[in-house]
Amino acid sequence: MSTVESNGDKNRIGLTLNEYKGAKSTLCPGCGHDAITGSIIQAAFEAGIAPHRVAKLSGIGCSSKTPAYFLGRSHGFNAVHGRMPSIATGVFVANHGLTMLGVSGDGDTASIGLGQFLHLVRRNVPLVHIVENNGVYGLTKGQFSATADVGSKAKSGRVNELMPIDVCALAIELGCGFVARSFSGDPKQLRPILRAAFSHRGTAVIDVISPCVTFNNHEGSTKSYLNVKEHDAPLHDITFVPHYENIEVDYPPGETREVTLHDGSRITLRKLEEDYDPGDALRALEVIHRGRQEDKFVTGILYLDPDKDSLDADLHLVDEPLATLPLERVRPPKKVLDEVMSSLMTGGA
Amino acid sequence: MSGTINDFSIHVATVNGSGSQTANTTLMRAIFQMGVPVSGKNLFPSNIAGLPTWFTIRVSDRGYLARRRANDVLVAMNPETSVEDIQAMGPGSVIVLNEGLPTPAIPSDRTVYKIPFQKLVEPLVPDAKFRKLVVNMVYVGVVASIVGIDPDEVERALQAQLGRKPKALETNLAAVRAGMEYAARNLGSSPFRVERRDRTAGKILIEGNDAAALGAMFGGITFLSWYPITPSSSLAEALQGYLERYRRDPKTGRATFGIIQAEDEIAAIGMVLGASWCGARAMTTTSGPGLSLMTEFTGYSYYAEIPAVIWDIQRVGPSTGLPTRTSQADLLSVAFLSHGDTKHVILLPATVEDCYEYGMESFDLAERLQAPVFVLSDLDLGMNVWMSDPFRYPEKPWDRGKVLTAADLTRIGKFERYRDVDGDGIPYRTLPGTDHPLAGCFTRGSGHDERAKYTENAETYARVMDRLAKKYETARTLVPPPVVERARGAEIGILAFGTSHWAVLEARDLLTPQGLETSYLLLKAIPFSKEVRAFLESHDRVYVVEQNRDGQMAALLKMEYPALATKLRSVLHYDGLPIDAQTIVDQIKNREREGVLAR
Ligand SMILES: Cc1ncc(C[n+]2csc(CCOP(=O)(O)OP(=O)(O)O)c2C)c(N)n1
Ligand code: SF4
Ligand SMILES: [Mg+2]
């Protein structure tokens, strides 16, 4: 059932790469989404995530089918179109010990699901929210999505004139503590981003440009493989050092920035053309806007705030998952009912 | 009509936002404290302040709690409606009128008391701003005096509400006394009198939404998501109040519940599904427009078999409709909510006790059946105060349904999410987080087989749908059965559900002396249990009483029992006001008369 050959090596919890795979993909050969699936499998394997602790979530679309193709041992919830965020919110409150990994599409997130997406970010629900962004609705055969770039040409020859919705910019605007953009064809960049996102305590938005080979890979499309490769402008080289590894990353001084995540893991960013501070939201928005003006896909970790409180701090829940609390913890004793009843009992004799 | 004791209605017409709620509640509670059964119905506009509002207190020795069409004592405080309010009063009635209000010509067989409310309140409240609020307490004093409510009980009732605000209590009490003194000096006593009884001792007064909230708490709710909408908000808010008080550890501040005020009803139901999927006891509460938004996820819940509890406190539709009026017109849309072949389990509370019980039972059923379970209440039940016996503490533990743990999986060695292992149409599930290699499962709303694998196979699809139909048959045996009261030899049966119950009780008492003996079936749930067919079979004519235009329950009965369809007749009421007994009596008598003529 696997799509990638396993090397037989085991990770820190004793599982092989194979044990992070899922069912065989049914997407078009060459679809960007499959490459992202590969990166997810690899990142989860490397991170040594226990599959039973993961809840895979998605909406509807070609992209949203992919959770069936990775982490086959995990529970998955393939929801309705655009509504993955509400499922994630319920899952989190019911069992905040789970790691939530969500896959959505650009239609799923930026059109029908835009409202839920924004509220997810606003509540800071700890979900790794991957948007597999191809600029079209793949599953309904190639209509423009709301992330289509101005001037991008559809297969039919129609040109999009409407402003694209940039999910990263929106997420930053709402205070999302982890915002990144990447490219399905750059697993070297995507994998450390995913691993860092697994360690983040709060919503992690990862917009991954993921070409649709069937409906949006022609000349004139801004999200074709060729065009994305030519216009990919990475901000930095990313190295992820998990909290359980004590590795020093060896770069010449002044070339790197390091951010420590909530669980003690570290992200090291080595500067490429210019020094970029992912802790500066205004700068991040500027870079996104400038990139759009210059027809560049600015990729990398755009914004990071590892210390933001997530939804559980607001709800102040008990440590154990609510879902499995025993009856005596959730049914108050009879004296409580008696107390309420007598307060309502004012009848006379 | 003269000398009526403990059998009349007081109708108070005020302006929304004028603080009349406390005044009306005081009157109602004072009567209740005198041992006399009362009911209160609040008829309010969809507005925060400034529009007309009415409150009707029915005093009934016999314990009738339904709305009555005619009122006996009017308190007219609203200049906008006073002409109409007065015109609606019949011969023999008493009209307490705020001096200076516009009035029509009033026939001499009505008793009119013009009261200088403003003058009475002025010396008590120097600040003109607050007079508007306190003036209502003057009519409490006047009414109490003319109908004979014990002043001590009025004081007690007011204390119960304002006890924590001594300053306000003092001012309001002074206003009540001013009204009483004025009435004693200037007015006679009305022919409508309250006399002490012992019929409310040990009883409680509570709103249906409050009762539902208590039920949910004792049912062990762990997750609530909701979006504000009248008339369901008070359920969520009451629940929040109880949970904060009784389910948050006072020492650590930690909660055994999560509440999310969602961004809309689609998100609210989505959150419920996410939480239920993990094993939480999750519910949402809504009303018409919100229900419509929940449609797609309801189908998901049905097909992917995820428990969900959804309270629909019905109001008048379609569209925004009359948001603050009552109705039973969501029945058909709830019964089949979603595209595709679906049919849902619905609980039909008629009393506040039902609201409490179903607050618990809905969770047991949803988890047992792995399906959405709707509780179809209405504004009349949810937002009005009802007299009831106190609620019983649950004796049973709880039913968490068929959930396999890691130990179960090791023992069985196999897991197929959608296999009907027990022959009741209900499969087994595992919860996310279960530490076992077999536990994982991919939940989807697209076609799936017994192993939860994607399929578009024709036979498999049909097989899954047939199993879901079988599960619905199992539900038939699990839902609360109807309450049946057979009158010996009666040819006529009455079938009702929800708040129509109260008007039916009274209507039957009115019909019997007119030679129309009736049996009665109070339906408590859908799908129909076997008693329903037996009831239809054993009566010549069955009147289905419901508060909607198209006879929605009758339609469901006809679908289910086509061979018995000719026995069914509809008694319908759909103007947004709670149904009254006379409506039922009139419609049944008319149809019976037609029948006699035809014979
Ligand atoms: C409520 C609803 N409306 C419409 C659809 C049809 N539909 C299925 S997938 C899809 C668009 C998916 O686009 P995207 O999220 O970008 O995913 P992609 O296929 O491109 O990966 C639409 C409109 C649906 N499933 N549900
Ligand atoms: S249609 Fe496009 S998005 Fe869908 S599977 Fe094919 S290539 Fe991928
Ligand atoms: Mg797309």
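Reading the values: the criteria
- Residues numbered from 1 in each chain as written.
- Chains lettered and ligands numbered in written order.
- Predicted model: local features only at pLDDT ≥ 70, side-chain atom pairs only at ≥ 80, totals over all residues.
- Heavy atoms only, no water.
- Helix = DSSP H or I, 4+ residues; strand = E, 2+ residues; numbered from the N terminus.
- Rg over C-alpha atoms; globule rule 2.2 N^0.38 Å.
- Areas by Shrake-Rupley, 256 points an atom, 1.4 Å probe, with all protein chains shown as cover.
- Lys, Arg positive; Asp, Glu negative; His and termini not counted.
- Charge placed at Lys NZ, Arg CZ, Asp CG, Glu CD.
- Phe/Tyr/Trp six-rings, centres within 6.5 Å; stacked < 30°, edge-to-face > 60°.
- Buried < 20%, exposed > 50% of the residue type's maximum accessible area, 1.4 Å probe, protein only.
- Lys NZ or Arg CZ within 6 Å of the ring centre and 35° of its normal.
- Contact = heavy atoms within 4.5 Å.
- Axes fitted to C-alpha atoms, helices over the stretch in contact; angles between N-to-C directions.
- Parallel < 35°, antiparallel > 145°, perpendicular 65-115°, else oblique.
- Salt bridge = Lys/Arg side-chain N within 4 Å of Asp/Glu carboxyl O.
- Polar contact = N/O pair within 3.5 Å; in protein donor to acceptor, adjacent residues only side chain to side chain.
- Core = buried A, V, L, I, M, F, W, Y, C linked by side-chain atoms within 4.5 Å.
- Domains from an automatic or database assignment.
- Donors = N, O, S within 2.8 Å, 3.2 Å for Na, K, Ca; no water.
- Pairing = 2+ DSSP bridges.

Notes on the overall build of chain B
Now for step 1: Of regular secondary structure, chain B possesses 20 helices and 24 strands.
Now for step 2: A compact globule built from 599 residues should have a C-alpha radius of gyration of about 25 Å, and chain B, at 27 Å, falls within 12% of that.
Now for step 3: Its C-alpha atoms put chain B at 85 × 75 × 40 Å along the principal axes.
Now for step 4: As presented, chain B carries roughly 22800 Å² of accessible surface, and 51% of it is formed by carbon and sulfur atoms.
Now for step 5: The distance from the centre of the 66 positive side-chain charges to the centre of the 70 negative ones in chain B is 1 Å.

A word on the packing of aromatic side chains
Now for step 1: For the structure on display, the rule yields eleven aromatic pairs over all chains.
Now for step 2: With a centroid separation of 6.3 Å and an interplanar angle of 80°, the aromatic rings of Phe297 of chain B and Tyr300 of chain B are classed as edge-to-face. Taken as a pair, Phe297 of chain B and Tyr300 of chain B lie in helix H11 (residues 295-304) at a separation of three residues, close to a single helical turn.
Now for step 3: Residue classification places Phe297 of chain B among the buried positions, given a relative accessible area of 2%.
Now for step 4: Through pairs of rings, three or more aromatic residues link up here, namely Phe77 of chain A together with Trp277, Phe297 and Tyr300 of chain B.
Now for step 5: In this structure, Arg12 of chain A packs its charged tip against the face of Tyr244 of chain A, placed 3.8 Å from the ring centre.
Now for step 6: Lying over the aromatic face of Phe70 of chain A, Lys56 of chain A brings its terminal NZ or CZ to 5.8 Å of the ring centre.

Considering the side chain of Thr14 of chain B
Residues and elements named next belong to chain B.
Now for step 1: Structurally, the position occupied by Thr14 is in strand S2 (residues 7-15).
Now for step 2: Among the residues examined, Thr14 registers a relative accessible area of 2% and is labelled buried.
Now for step 3: Setting aside its immediate chain neighbours within four residues, Thr14 contacts Ser20, Leu51, Pro52, Thr53, Met77, Asn78, Asn136 and Tyr139.

Details of the packing of helix H3 (residues 84-94) of chain A against helix H5 (residues 114-123) of chain A
Residue and element names in this part refer to chain A.
Now for step 1: Contact geometry of H3 with H5 gives a least axis separation of 8 Å together with a crossing angle of 30°. Here H3 lies roughly parallel to H5, going by the angle between them. Note on element contacts: H5 touches H3 through Gln116, Phe117, Leu120 and Arg123, opposite Met84, Pro85, Ser86, Ala88 and Thr89.

Side note on the interface of chain A and chain B
Now for step 1: Counting from both sides, the interface comprises 59 residues of chain A and, opposite them, 80 residues of chain B.
Now for step 2: If you look at where chain A meets chain B, you find three salt bridges.
Now for step 3: With a closest N to O distance of 3.0 Å, Asp319 of chain A and Arg254 of chain B form a salt bridge.
Now for step 4: At the junction of chain A with chain B, the criterion picks out 22 residue pairs in polar contact (both at pLDDT 80 or more).

A look at the nonpolar core
Now for step 1: Of all hydrophobic cores here, the largest spans 128 residues; its most connected members are Ile149, Leu214 and Met283 of chain B.
Now for step 2: The greatest single-element share of this core, amounting to eleven residues, is contributed by helix H4 (residues 128-147) of chain B.
Now for step 3: Excluding its chain neighbours within four sequence positions, the residues that come into contact with Ile149 of chain B are Leu27, Ala30, Ile31, Met34, Ala144, Val154 and Val194 of chain B.
Now for step 4: Counting residues in each nonpolar core, the second largest holds 84 residues, with Val91 of chain A together with Ile269, Leu521 and Val544 of chain B among its members.

Considering the domain arrangement of chain B
Now for step 1: Partitioning chain B into domains gives domain 1 (4-193), domain 2 (206-388), domain 3 (406-478) and domain 4 (483-598).
Now for step 2: For domain 3 of chain B and domain 4 of chain B, the distance between their C-alpha centres works out to 40 Å.

Here we look at the coordination of the magnesium ion (ligand 3)
Now for step 1: Within the protein, Asp106 of chain A (OD), Asn134 of chain A (OD1) and Val136 of chain A (O) serve as the donor atoms for the magnesium ion (ligand 3), at 2.0 to 2.1 Å.
Now for step 2: Sequence positions of the donors to the magnesium ion (ligand 3) reduce to the motif D-x27-N-x1-V.

A few points about the sheet that holds strand S10 (residues 236-241) of chain A
Residues and elements named next belong to chain A.
Now for step 1: Here three strands make up an open sheet; going across it, the order is S10-S12-S11 and the pairing antiparallel. In the strand order of this sheet, the two ends are held by S10 and strand S11 (256-260), each with one partner. Sheet twist, expressed as the average angle between the axes of neighbouring strands with direction ignored, equals 20°.
Now for step 2: Helix H7 (residues 187-199) contacts S10 and strand S12 (266-271) of the sheet and is inclined by roughly 45° relative to S10.

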